[in-house]
Amino acid sequence: AIISYQLENEALLQDFGRKPEVDRARLRQEFSLIKQLDPTRPVIMTTSTSWGMPVREPVPDIIGFSYYHIAWSKKANAYRKAGGHYALLHRLRAWLNWQLLNRRSFVHELQCEPWAPKGIWEVSSEEQDKSMGPLQIDKSFKRAKATKLYPIDIWGSEWWYWRHKHGDDSIWNAVKKQVSGS
């Protein structure tokens, strides 16, 4: 059932959270351990939303891109749209990864969950929908598909289920529509 391993998640990204326990030396050790324990399966590392190429070790077997569009910014005290979400840019990044590193790329983390000023259980559905609602789900899928980078891994299933269990099927149905292609 295991097809790959993910080595950390945006491990060296400094914009969101601090992970003092994760540095390049530790990543190298973790990568070596995974390869030692199972040399047959690929190791994925995910870069940030708009930038990043793993040109220093460890260089993963597959490079994942995060793809987040709207999130609450503590600095700005407002919702912020992420820049650089152009299909051409992501295709260029993937091409560079292939040309320079001989590694394929894909959309590893497509935002299909809200990033609100507080936890989702602490804000209304209307507030959640400011960064991720049914219309934004449609836009996220459209943008991700335009990159032509596959597979596209979608994030947020626990939230879709949470909204569904609280009587709101709008998110569940928006994702279902995109996944089924209807």
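**Notes on a positive patch on the surface**
Moving on, step 1. There is a patch of like positive charges on the surface, built from Lys 81, Lys 139, Lys 142 and Arg 143.
Moving on, step 2. For the positive patch, the element with the highest residue contribution is helix H4 (residues 134–146), accounting for three residues.
Moving on, step 3. Within the secondary structure, Lys 142 is located in helix H4.
Moving on, step 4. For Lys 142, a relative accessible area of 65% puts it in the exposed group.

**Some thoughts on the pattern of salt bridges**
Moving on, step 1. Enumeration over the complete set of coordinates arrives at seven salt bridges.
Moving on, step 2. Here Lys 35 and Asp 61 are joined by a salt bridge, their closest N and O atoms 2.6 Å apart. Here Lys 35, found in helix H1 (residues 24–37), pairs with Asp 61, found in the loop between strand S2 (43–47) and strand S3 (62–67); they are 26 residues apart in sequence, far enough to count as distant.
Moving on, step 3. Of the residues examined, Lys 35 reaches a relative accessible area of 23% and is grouped as partly exposed.
Moving on, step 4. The salt bridge involving Asp 138 is made with Lys 177; its shortest N-O contact spans 3.4 Å. In this pair, Asp 138 is assigned in helix H4 and Lys 177 in helix H6 (residues 170–180), connecting sequence segments 39 residues apart.
Moving on, step 5. Given the relative accessible area of 22%, Asp 138 is considered partly exposed.
Moving on, step 6. Residue Lys 177 is classed as partly exposed on the basis of its relative accessible area, which comes to 37%.
Moving on, step 7. In the salt-bridge network here, residues are joined through shared partners; they are Asp 129, Arg 163 and Asp 168.

Cut-offs used in this document
Residues numbered from 1 in each chain as written. Predicted model: local features only at pLDDT ≥ 70, side-chain atom pairs only at ≥ 80, totals over all residues. Heavy atoms only, no water. Patch = residues over 30% accessible without salt bridge, like charges linked within 9 Å, V, L, I, M, F, W, Y side chains within 5 Å. Areas by Shrake-Rupley, 256 points an atom, 1.4 Å probe, with all protein chains shown as cover. Salt bridge = Lys/Arg side-chain N within 4 Å of Asp/Glu carboxyl O. Lys, Arg positive; Asp, Glu negative; His and termini not counted. Charge placed at Lys NZ, Arg CZ, Asp CG, Glu CD. Helix = DSSP H or I, 4+ residues; strand = E, 2+ residues; numbered from the N terminus. Buried < 20%, exposed > 50% of the residue type's maximum accessible area, 1.4 Å probe, protein only.

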